Amino acid sequence: MRFKPDLKWSDVTPKADFLNRRQLIKGAAGALALGGIGGAAHAKGQYAVEGIDEVNSLEDITSYNNFYEFGTGKGDPAQYAHALTTDPWTVKIDGLVDNPGDYDLADILANVDIEERIYRFRCVEAWSMVIPWNGFELRQLLERAGVQSSAKYVAFETLVRPEEMHGQRSPILDWPYREGLRLDEAMNPLTLMATGLYGEDLPNQNGAPLRLVVPWKYGFKSIKSIVRITLTDTQPETSWNMQNPREYGFYSNVNPEVSHPRWSQASERKIGGFFASRQDTLMFNGYGEYVADMYADMDLSAEF
Ligand SMILES: Nc1nc2c(c(=O)[nH]1)N[C@H]1C(S)=C(S)[C@@H](COP(=O)(O)O)O[C@H]1N2
Ligand SMILES: [Mo]
């Protein structure tokens, strides 16, 4: 099943003309293909979100990064991440699955539908961008691995290779970088495994060759350069939560009403553009329509 991206084309500003043209072409082809197998799937895939604004430039997206394996400065990943060898690349899928094993990246990609998704991206540090990703829905890979009925969470790990990732020689975090999702979050159609940006391979500083993108959660949940995916029945340990549980929760859903202990989350600074612009932060980063149901029974200020 193929979905169109979350943006309506009428919302994309002229600055994104290049993207707009490509997407119209692709969208038309997709609509034709779907015509043969039923139009319902097509209509279901409109991930329109509130408050969408300009797509960030490739320059913004690849020069202002968080990737502590290459240093803690925003410019460090762009400067140092070229050292990372991303081919060959293997992802170990283990835990509560019917088909555990070491999956070669090429084999993963041959069995999923790659599409383009334009998502808002909100870092917990209160900056944001709008990013045109390429990738596939995580649920496609999980379905292939055969999730067992006892599984309740998905844990992810980044590569450990201090020879190439010099930041791993410092104990800023307890390596490997680790993240996790509840199984329903992982299976949500919005949850993407990104493989590219602007139609090109993912730059190393953005988490090549394979990184998670969970657009309704703070950016640190979107773990980069993934080498292991483990299905578990208990909530996995996650890097920022282990480092400072008072400041970083397991869920980390974008929420303008729950402040970080050291700053408000009510607004954010949009990266790029001539004027530094602040905008209101949206509940679930604007994706509530697609995700709020998953948290209906939870107190989101207690389970933050
Ligand atoms: N392995 C790893 N993944 C990571 C990080 C990191 O330091 N290491 N930083 C996270 C944070 S805090 C953010 S905001 C995003 C940044 O993604 P970007 O650089 O592609 O914008 O990556 C997340 N994933
Ligand atoms: Mo972040």
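One can find the structure itself at the top, above this paragraph.
In this report, the structure presented in the accompanying data block is examined.

Scoring rules and cut-offs
- Residues numbered from 1 in each chain as written.
- Chains lettered and ligands numbered in written order.
- Predicted model: local features only at pLDDT ≥ 70, side-chain atom pairs only at ≥ 80, totals over all residues.
- Heavy atoms only, no water.
- Helix = DSSP H or I, 4+ residues; strand = E, 2+ residues; numbered from the N terminus.
- Buried < 20%, exposed > 50% of the residue type's maximum accessible area, 1.4 Å probe, protein only.
- Contact = heavy atoms within 4.5 Å.
- Areas by Shrake-Rupley, 256 points an atom, 1.4 Å probe, with all protein chains shown as cover.
- Salt bridge = Lys/Arg side-chain N within 4 Å of Asp/Glu carboxyl O.
- Near = heavy atom within 4 Å.
- Polar contact = N/O pair within 3.5 Å; in protein donor to acceptor, adjacent residues only side chain to side chain.
- 1 Å grid on protein atoms, 1.4 Å probe; cavity = no way out; pocket = protein on both sides within 12 Å on 5 of 7 lines; lining within 4 Å.
- Sits in = over half its atoms within 2 Å of the grid points.
- Nonpolar A, V, L, I, M, F, W, Y, C, P; charged D, E, K, R; others polar.
- Pairing = 2+ DSSP bridges.
- Axes fitted to C-alpha atoms, helices over the stretch in contact; angles between N-to-C directions.

Observations regarding the overall build of the protein
1) Next: Check the secondary structure of the protein and you find nine helices and twelve strands.
2) Next: Counting over 304 residues, the protein shows a buried share of 54%.
3) Next: Expressed as a percentage of contacts within the protein between residues at least 6 apart in sequence, the contacts between residues at least 24 apart total 73%.
4) Next: Per element, the accessible surface of the protein, about 13,200 Å² overall, is 52% carbon and sulfur.

Structural notes on the pattern of salt bridges
1) Next: Applying the stated criterion across every chain yields a total of 16 salt bridges.
2) Next: D174 serves as the salt-bridge partner of R178, at 3.5 Å between the closest nitrogen and oxygen.
3) Next: Connected via shared salt-bridge partners are E115, R117, E137 and R139.

As for the site of ligand 1
1) Next: Lining the immediate environment of ligand 1, one finds 17 residues, of which N65, Y68, E69, T158 and K224 sit closest.
2) Next: The separation between a nitrogen atom of ligand 1 and a polar main-chain atom of N66 is 3.2 Å.
3) Next: Here a nitrogen atom of ligand 1 sits 2.9 Å away from a polar atom, N or O, in the main chain of S222.
4) Next: With the chains in place, 98% of the 530 Å² that ligand 1 exposes on its own is no longer accessible.
5) Next: Judged by its atoms lying within 2 Å of the grid points, ligand 1 is housed in the largest pocket.
6) Next: Residues belonging to the shell around ligand 1 are distributed by class as follows: eight nonpolar, six polar and three charged.

Quick look at the sheet that holds strand β10 (residues 226-232)
1) Next: Pairing is mixed across the open sheet formed by five strands, whose spatial order is β2-β1-β10-β5-β6. Edge positions in the sheet fall to β2 (101-104) and β6 (178-182), since each of these pairs with one other strand and no more. Within the sheet, the average angular offset between the axes of one strand and its neighbour, ignoring direction, is 20 degrees.
2) Next: Of the strand pairs in this sheet, strand β1 (residues 90-95) and β2 are connected by four bridges, and their pairing is antiparallel. Bridge pairing links K92 to D102 in β2.

What to know about the environment of R117
1) Next: Summarising the element assignment, R117 is placed in strand β3 (residues 115-122).
2) Next: A residue is classified by how much of its surface remains accessible, and R117, at 0% relative accessible area, is buried.
3) Next: Sequence-wise, R117 and L192 are 75 residues apart; in three dimensions their C-alpha atoms are separated by 8.6 Å.
4) Next: Only 3.2 Å separates the side chain of R117 from the side chain of E115, close enough to count as a polar contact.
5) Next: Looking at R117, its side chain comes within polar contact range of the side chain of Y119, at 2.6 Å.

Points about the pairing of strand β4 (residues 127-137)
1) Next: Of all eleven residues making up β4, eleven are buried, and the element is well covered by its neighbours.
2) Next: Sheet topology places β4 next to strand β11 (residues 267-270); two bridges connect them, and they run parallel. Note that in β11 the partner of W127 across the bridge is R269.
3) Next: Note: β4 against strand β7 (residues 192-197), five bridges, orientation antiparallel. Opposite E137, over in β7, you have L192 as the bridge partner.

This is a description of form; function is not addressed.
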